[in-house]
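Residue-level listing of the chains:
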Amino acid sequence: MNLSHAYGTPPSPQQGERLLLAAVDAGVTLFDTAALYGFGANETLVGRVLKPHRRRLTLCSKGGLAGVTGDDGSVRRAIDGRPEALRRNCEDSLRRLQTDVIDLYYLHRWDKKVPVEESIGALADLVRAGKIRTIGLSEVSAATIRRAHAVHPITAVQTEYSLWTRNPEIAVLDTCRELGITFVAFSPVARGFLCDAVPDVAAFDAKDIRKSMPRFEPANHARNLELLPRYRELAREAGCTPAQLALAWLLHQGDDIIPIPGTTSVEHLAEDLAGADVKLSPELLAQLEAHINQRTVHGNRYSQQARGEVDTEEFPGS
Ligand SMILES: NC(=O)c1ccc[n+]([C@@H]2O[C@H](COP(=O)([O-])OP(=O)(O)OC[C@H]3O[C@@H](n4cnc5c(N)ncnc54)[C@H](OP(=O)(O)O)[C@@H]3O)[C@@H](O)[C@H]2O)c1
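What counts and what doesn't
Residues numbered from 1 in each chain as written. Predicted model: local features only at pLDDT ≥ 70, side-chain atom pairs only at ≥ 80, totals over all residues. Axes fitted to C-alpha atoms, helices over the stretch in contact; angles between N-to-C directions. Helix = DSSP H or I, 4+ residues; strand = E, 2+ residues; numbered from the N terminus. Parallel < 35°, antiparallel > 145°, perpendicular 65-115°, else oblique. Left-handed = near helix turned anticlockwise from the far one by under 90°. Contact = placed C-beta atoms within 7 Å. Nonpolar A, V, L, I, M, F, W, Y, C, P; charged D, E, K, R; others polar. Near = placed C-beta within 6 Å. Buried ≥ 20, exposed ≤ 12 C-beta atoms within 10 Å, placed from the backbone. Arc of directions from axis to C-beta. Pairing = 2+ DSSP bridges. Core = buried A, V, L, I, M, F, W, Y, C linked by C-beta atoms within 7 Å.

1. A look at the packing of helix α1 (residues 13–25) against helix α2 (residues 41–50)
Relative to each other, α1 and α2 sit at 55 degrees, their axes nearing to 10 Å. Considering their axes alone, α1 and α2 lie oblique with respect to each other. In terms of crossing hand, the pair formed by α1 and α2 is right-handed. Here Pro-13, Gly-16, Glu-17, Leu-20 and Leu-21 of α1 come into contact with α2, specifically with Leu-45, Val-46, Val-49 and Leu-50. A per-class count over the contact of α1 with α2 returns seven nonpolar, one polar and one charged.

2. Some remarks on the site of the ligand
Residues in close proximity to the ligand total 27 residues, the closest being Met-1, Phe-186, Gly-192, Cys-195 and Gly-262. Per-element accounting of the shell around the ligand gives the leading share, three residues, to helix α10 (residues 266–274). Residue composition of the shell around the ligand, grouped by class: 11 nonpolar, 10 polar and six charged.

3. A short note on α10
Buried within α10 we find His-268, Glu-271 and Asp-272. Projected down its long axis, α10 shows its buried positions confined to an angular sector of 95 degrees, all on one face. Contact partners of the buried residues in α10: α9 (242–251).

4. Section: the sheet that holds strand β2 (residues 58–63)
As summarised here, the arrangement of the seven strands in space is β1-β2-β5-β6-β7-β8-β9, forming an open sheet in which the pairing is parallel. Bordering the open sheet on either side are β1 (30–32) and β9 (257–260), each of which pairs with just one other strand. Adjacent strand axes in the sheet meet at a mean angle of 25 degrees when their direction is disregarded. Note: strand β5 (residues 102–107) against strand β6 (residues 132–138), five bridges, orientation parallel.

5. Overview of the nonpolar core
With 66 residues, the main nonpolar core has Tyr-105, Leu-123, Val-157 and Ala-246 as its most contacted residues. Looking at this core element by element, the count peaks at seven residues for α9. Non-local contacts of Val-157, meaning those with residues more than four positions away in its chain, are made with Gly-136, Leu-137, Val-140, Ile-145, Val-172, Cys-176, Ile-181, Phe-183 and Val-184.

6. Some points on unusual backbone geometry
The phi dihedral of Phe-39 falls on the positive side, at around 45 degrees, and the residue is not glycine. Given 17 C-beta atoms within a 10 Å radius, Phe-39 is considered partly exposed.

7. Quick look at the pairing of strand β3 (residues 65–69)
Pairing of β3 with strand β4 (residues 75–79), which is carried by five bridges, proceeds in the antiparallel orientation. Bridge pairing in β4 links Ala-66 to Ala-78. Two successive antiparallel strands, β3 and β4, enclose a turn made up of five residues, where Gly-73 displays a positive phi of approximately 90 degrees.

8. Description of the environment of Ile-102
Structurally, the position occupied by Ile-102 is in strand β5. Expressed as a C-alpha distance, the spacing of Ile-102 and Gly-121, which sit 19 residues apart in the sequence, is 17 Å. Setting aside residues up to four positions removed in sequence, Ile-102 forms contacts with Leu-59, Ser-61, Ser-93, Leu-94, Leu-97 and Ile-132.

Shown next as C-alpha cells:
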C-alpha cells in the first residue's frame, strides 16, 4: 500500500520496484495489495515487478472498495459490495496483477447496503470459476464473520491490530480461532508511531491519510508521545528496535496471527523482518501490554466518517 498510497507522496515506481525485489530476495512470500491502493497503481506495480516470481508467491488483493470516476473525471473511493461490482473489481485486479488467479481475495469493506451473504456468494462464484483461490474479510465484526463463513469458508480476516489498537481482542480473534481462520494484522507498527523515527505530524502532506486520524491530531499525538520513552526502554531490554518490538508482540499472540508491516524503505524492511526472531519473556510482554493499550492511548484510530465504513467491535475511544 505504502508504495502507491497512504503516507504522503508515494515513492517512484523505480523505488517501489527496488523495495519489492528486495523483499523477494529476503524471502518474503506473501504480498498484500488492493484495488484501492493508488486506484489500481499498486496492483499494476506488484503485477509487473513480481510476475517472474509469481509461482512461489502468495498474492493477496481486495475488492469492494475501489476508485470510481465521476462526471468531472475525478476519481473517488467508493464501497460497492454488489456481485457485479465485485466481479468487475476482480477482473480488473487479475489484469493489473498479470495473473490468472489471486490466492487470497478480500472483501475490503462490508458494504452495509448489500447483505454480506450476497457479496460472499459472489466471491464463492469466483472461487468456483478459478479466478480466486480463497476468500478473506477486512474490518468486520465477529457476527459478520459468522454470517460470511456460513456461505463459504473464510480463510483470513484482516483487521488493524497492534499494541495501540486492541479491538480484535474483544471478539474477532476468538471467533477466528473457533472457525480456523487466519488473522492478518494490518498497520502492525501503528502507522510508524511505534518506530524509531516517529512521524512528524506537523510535516504531513495533504495526501497523508494520518492527517485525518484522531491519534495523529497534534493534541492527542503530544500525549501519545509520552508513552514512547518507556516503550523504547522496553525495546532496549528486549534487545531490539521499537518496530521489532511491536511486530514481536504480535507474533507472540499466536501462530495464527500474521502481521503485514508496510514500508517504502529497504532498511526498514530488513529491520521489520528481523522482528520475527525476537523472543519476549512473559514478564516483558506483561509490562508492554500494561504500558500501551486502549486505555493509555489518546484518540480514535479512525475519523468519524471512516468509522462508519468499518463493522468491527471498537473499544470506546479507540
Ligand atoms: N485492510 C485494510 O483496510 C488495510 C488498512 C491499512 C493497511 N492495510 C495493509 O497493511 C499494510 C501495513 O499497514 P500500514 O502501512 O498502514 O501500517 P504500518 O505497517 O503499521 O506502518 C507503516 C508506516 O510505518 C513506517 N515503518 C515501517 N517499518 C518501519 C521501521 N522499521 N522504522 C521506521 N518506520 C517504519 C513506514 O514508513 P517507511 O516507508 O519510511 O518505512 C510507514 O510510514 C499496508 O501496506 C496494507 O497492505 C490494510
